[in-house]
Amino acid sequence: MLRIGLTGGIGSGKSTVAALLAARGAVVVDADRIAREVVEPGTPGLASVAEAFGRGILTPEGALDRAALAGIVFADPEARARLDAVVHPLVRHRTAELVAAAAADAVVVNDVPLLVETGQASSYDVVLVVQADTETRVARLVQRGLTEQDARARIAAQATDEQRRAVADVVLDNSGSPGELAEQVERFWVEHVEPGRS
(Lines give C-alpha, C1' and ligand atoms only; values in the text may rest on other atoms or scores of the structure.)
Protein backbone atom coordinates (compact mmCIF):
# COMPACT_ATOMS: atom_id res chain seq x y z
CA MET A 1 0.00 0.00 0.00
CA LEU A 2 1.23 3.47 -0.89
CA ARG A 3 -0.10 6.11 1.50
CA ILE A 4 -0.18 9.65 0.14
CA GLY A 5 -0.96 12.58 2.42
CA LEU A 6 -2.67 15.26 0.33
CA THR A 7 -2.97 18.73 1.81
CA GLY A 8 -3.31 22.37 0.93
CA GLY A 9 -5.02 25.46 2.23
CA ILE A 10 -8.71 26.11 1.80
CA GLY A 11 -9.41 27.08 -1.80
CA SER A 12 -6.11 25.68 -3.10
CA GLY A 13 -7.69 22.99 -5.28
CA LYS A 14 -7.07 19.96 -3.10
CA SER A 15 -10.44 18.41 -3.96
CA THR A 16 -9.67 18.73 -7.67
CA VAL A 17 -6.35 16.94 -7.18
CA ALA A 18 -8.07 14.23 -5.12
CA ALA A 19 -10.57 13.68 -7.95
CA LEU A 20 -7.77 13.48 -10.53
CA LEU A 21 -5.96 10.88 -8.39
CA ALA A 22 -9.20 8.92 -7.86
CA ALA A 23 -9.67 8.84 -11.64
CA ARG A 24 -6.31 7.03 -11.82
CA GLY A 25 -7.52 4.40 -9.36
CA ALA A 26 -6.46 5.82 -6.01
CA VAL A 27 -8.67 5.26 -2.97
CA VAL A 28 -9.42 8.73 -1.57
CA VAL A 29 -10.12 9.08 2.15
CA ASP A 30 -11.49 12.62 2.61
CA ALA A 31 -10.98 14.00 6.12
CA ASP A 32 -13.47 16.84 5.56
CA ARG A 33 -16.19 14.38 4.54
CA ILE A 34 -15.39 12.21 7.57
CA ALA A 35 -15.43 15.31 9.82
CA ARG A 36 -18.99 15.99 8.62
CA GLU A 37 -19.96 12.33 9.07
CA VAL A 38 -18.80 12.14 12.70
CA VAL A 39 -21.03 15.07 13.73
CA GLU A 40 -24.20 14.03 11.92
CA PRO A 41 -27.44 14.11 13.95
CA GLY A 42 -27.60 11.31 16.50
CA THR A 43 -23.83 10.75 16.67
CA PRO A 44 -21.76 10.89 19.86
CA GLY A 45 -19.58 13.45 18.03
CA LEU A 46 -22.44 15.91 17.65
CA ALA A 47 -23.45 15.41 21.27
CA SER A 48 -19.88 16.21 22.37
CA VAL A 49 -19.69 19.34 20.20
CA ALA A 50 -23.04 20.57 21.57
CA GLU A 51 -21.81 19.90 25.10
CA ALA A 52 -18.64 21.91 24.43
CA PHE A 53 -20.28 24.88 22.68
CA GLY A 54 -23.90 24.90 23.80
CA ARG A 55 -27.15 24.17 22.02
CA GLY A 56 -26.85 27.41 20.06
CA ILE A 57 -24.70 25.58 17.53
CA LEU A 58 -27.62 23.29 16.63
CA THR A 59 -30.39 23.95 14.12
CA PRO A 60 -34.02 23.65 15.29
CA GLU A 61 -33.96 20.15 13.73
CA GLY A 62 -30.99 19.14 15.88
CA ALA A 63 -28.31 19.17 13.17
CA LEU A 64 -25.03 21.06 13.43
CA ASP A 65 -25.40 24.73 12.46
CA ARG A 66 -22.05 24.99 10.70
CA ALA A 67 -22.27 28.76 10.23
CA ALA A 68 -22.93 29.33 13.94
CA LEU A 69 -20.04 27.07 14.93
CA ALA A 70 -17.70 28.65 12.36
CA GLY A 71 -18.56 32.08 13.75
CA ILE A 72 -17.28 30.92 17.13
CA VAL A 73 -14.19 28.88 16.22
CA PHE A 74 -12.70 31.01 13.44
CA ALA A 75 -12.70 34.06 15.71
CA ASP A 76 -11.20 32.30 18.74
CA PRO A 77 -8.14 30.01 18.60
CA GLU A 78 -8.99 28.49 22.00
CA ALA A 79 -12.48 27.60 20.81
CA ARG A 80 -11.01 26.06 17.65
CA ALA A 81 -8.64 23.98 19.79
CA ARG A 82 -11.63 22.75 21.86
CA LEU A 83 -13.46 21.75 18.67
CA ASP A 84 -10.37 20.00 17.30
CA ALA A 85 -9.98 18.06 20.56
CA VAL A 86 -13.48 16.64 20.05
CA VAL A 87 -13.49 16.04 16.30
CA HIS A 88 -9.91 15.05 15.40
CA PRO A 89 -9.81 11.76 17.39
CA LEU A 90 -13.13 10.72 15.81
CA VAL A 91 -11.83 11.54 12.33
CA ARG A 92 -8.57 9.63 12.94
CA HIS A 93 -10.49 6.54 14.13
CA ARG A 94 -12.82 6.52 11.11
CA THR A 95 -9.90 7.17 8.74
CA ALA A 96 -8.05 4.16 10.15
CA GLU A 97 -11.14 2.00 9.51
CA LEU A 98 -11.36 3.14 5.87
CA VAL A 99 -7.63 2.63 5.22
CA ALA A 100 -7.79 -0.85 6.77
CA ALA A 101 -10.64 -1.71 4.37
CA ALA A 102 -8.57 -0.80 1.27
CA ALA A 103 -6.76 -3.47 -0.73
CA ALA A 104 -3.25 -4.32 0.46
CA ASP A 105 -1.73 -2.93 -2.77
CA ALA A 106 -3.95 0.18 -2.98
CA VAL A 107 -2.79 3.73 -3.53
CA VAL A 108 -4.54 5.47 -0.64
CA VAL A 109 -4.80 9.24 -0.76
CA ASN A 110 -5.60 10.77 2.61
CA ASP A 111 -7.07 14.21 1.81
CA VAL A 112 -6.21 16.04 5.05
CA PRO A 113 -6.66 19.83 5.07
CA LEU A 114 -4.97 20.16 8.49
CA LEU A 115 -2.16 17.64 7.92
CA VAL A 116 0.51 20.16 8.92
CA GLU A 117 -1.46 21.66 11.82
CA THR A 118 -2.09 18.21 13.32
CA GLY A 119 1.51 17.00 12.84
CA GLN A 120 0.61 14.05 10.61
CA ALA A 121 3.22 14.43 7.83
CA SER A 122 5.33 11.51 9.06
CA SER A 123 2.31 9.18 8.77
CA TYR A 124 2.56 9.05 4.95
CA ASP A 125 4.93 7.62 2.36
CA VAL A 126 4.56 10.78 0.27
CA VAL A 127 3.22 14.21 1.25
CA LEU A 128 1.63 16.05 -1.69
CA VAL A 129 0.87 19.75 -1.20
CA VAL A 130 -1.42 21.81 -3.45
CA GLN A 131 -0.80 25.55 -3.39
CA ALA A 132 -2.32 28.62 -4.99
CA ASP A 133 -1.66 32.26 -4.26
CA THR A 134 -3.81 33.86 -1.58
CA GLU A 135 -5.78 36.17 -3.87
CA THR A 136 -6.74 33.25 -6.13
CA ARG A 137 -7.87 31.27 -3.08
CA VAL A 138 -9.91 34.19 -1.71
CA ALA A 139 -11.62 34.62 -5.09
CA ARG A 140 -12.49 30.91 -5.20
CA LEU A 141 -13.92 31.01 -1.67
CA VAL A 142 -16.00 34.09 -2.42
CA GLN A 143 -17.38 32.24 -5.47
CA ARG A 144 -18.39 29.44 -3.06
CA GLY A 145 -20.40 31.91 -1.01
CA LEU A 146 -18.03 33.10 1.72
CA THR A 147 -17.50 36.77 2.37
CA GLU A 148 -14.00 38.04 1.63
CA GLN A 149 -13.49 38.61 5.38
CA ASP A 150 -14.53 35.02 6.20
CA ALA A 151 -12.31 33.67 3.43
CA ARG A 152 -9.27 35.54 4.72
CA ALA A 153 -10.01 34.47 8.32
CA ARG A 154 -10.15 30.82 7.31
CA ILE A 155 -6.92 31.08 5.33
CA ALA A 156 -5.22 32.82 8.29
CA ALA A 157 -6.42 30.07 10.67
CA GLN A 158 -4.53 27.41 8.70
CA ALA A 159 -0.85 26.64 8.25
CA THR A 160 1.16 28.92 5.97
CA ASP A 161 2.41 27.90 2.54
CA GLU A 162 5.94 27.86 3.98
CA GLN A 163 4.89 25.43 6.73
CA ARG A 164 3.28 23.13 4.16
CA ARG A 165 6.28 23.26 1.82
CA ALA A 166 8.53 22.31 4.75
CA VAL A 167 6.84 18.88 5.02
CA ALA A 168 6.09 18.37 1.30
CA ASP A 169 7.70 15.75 -0.88
CA VAL A 170 5.96 17.28 -3.92
CA VAL A 171 4.27 20.67 -4.37
CA LEU A 172 1.67 21.28 -7.09
CA ASP A 173 0.99 24.89 -8.10
CA ASN A 174 -2.71 25.46 -8.80
CA SER A 175 -2.55 29.17 -9.63
CA GLY A 176 -2.91 28.41 -13.35
CA SER A 177 -5.42 26.59 -15.52
CA PRO A 178 -7.16 23.26 -14.80
CA GLY A 179 -5.14 21.74 -17.64
CA GLU A 180 -1.87 22.82 -16.07
CA LEU A 181 -2.92 21.24 -12.77
CA ALA A 182 -3.91 18.00 -14.51
CA GLU A 183 -0.47 17.85 -16.17
CA GLN A 184 1.22 18.23 -12.78
CA VAL A 185 -0.93 15.44 -11.31
CA GLU A 186 -0.05 13.18 -14.25
CA ARG A 187 3.66 13.89 -13.74
CA PHE A 188 3.30 13.17 -10.00
CA TRP A 189 1.60 9.84 -10.75
CA VAL A 190 4.27 8.79 -13.26
CA GLU A 191 7.21 9.85 -11.08
CA HIS A 192 6.01 8.98 -7.57
CA VAL A 193 3.25 6.37 -7.80
CA GLU A 194 3.98 4.12 -10.78
CA PRO A 195 7.61 3.28 -9.80
CA GLY A 196 6.32 1.73 -6.57
CA ARG A 197 3.58 -0.20 -8.36
CA SER A 198 5.75 -2.30 -10.70
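Refer to the structure presented above.
Here is what the cut-offs are and how they apply
Note on numbering: residues in each chain are counted from 1, in written sequence order. The predicted nature of this model means local features are confined to residues of pLDDT at least 70 and side-chain atom pairs, given and counted, to a pLDDT of 80 or more, with totals for whole chains, interfaces and linings taken over all residues. To obtain the side-chain values, all non-hydrogen atoms of the structure were used and water was disregarded. For the purposes of this entry, the term helix denotes a DSSP run of H or I that reaches at least four residues, the term strand denotes a run of E that reaches at least two, and both are numbered from the N terminus. In this scheme, a helix's expected span is set at 1.5 Å multiplied by one less than its residue total. Values of bend correspond, residue by residue, to the angle between axes fitted over the seven residues ending at that residue and the seven starting there. Buried means the residue's accessible area, taken with a 1.4 Å probe over protein chains only, is under 20% of the maximum for its type, while exposed means over 50%, and partly exposed covers the values in between. Here, any two strands with at least 2 DSSP bridges between them count as paired. With axes taken as lines fitted to C-alpha atoms, and helix axes fitted only over the stretch in contact, angles between N-to-C directions fall between 0 and 180 degrees. Contacts are residue-level and defined by heavy atoms, with any inter-residue pair within 4.5 Å sufficient.

(A) Up close: helix H9 (residues 178-197). Over its 20 residues, H9 extends 27 Å from the first C-alpha to the last, a length consistent with the 28 Å expected when each residue adds 1.5 Å. The largest bend along H9 reaches roughly 35° and is located at Trp189. What H9 keeps buried is the set Leu181, Gln184, Val185, Phe188, Trp189 and Val193.

(B) Looking closely at the sheet that holds strand S1 (residues 2-8). One open sheet holds the five strands; their spatial order is S2-S3-S1-S4-S5, and the pairing between them is parallel. Either end of the sheet is taken by a strand with one partner, and the two such strands are strand S2 (27-30) and strand S5 (170-173). Going across the sheet, the axis of each strand differs from the next one's by a mean of 25°, ignoring polarity. Here S1 runs beside strand S3 (residues 107-111); their pairing, made up of five bridges, is parallel. Counterpart to Arg3 in the pairing with S3 is Val108. The sheet strands contacting helix H1 (residues 14-23) are S1, S2, S3, strand S4 (126-131) and S5, and the helix crosses S1 at an angle near 155°.

(C) The environment of Arg197, seen in detail. Tracing the chain through its elements places Arg197 in helix H9. Look at Arg197 and you get partly exposed, because its relative accessible area is 44%. As for Arg197 and Glu97, which are separated by 100 residues in sequence, their C-alpha atoms are 23 Å apart. Beyond its immediate stretch of four places on either side in the chain, Arg197 contacts Asp105, Ala106 and Val107.

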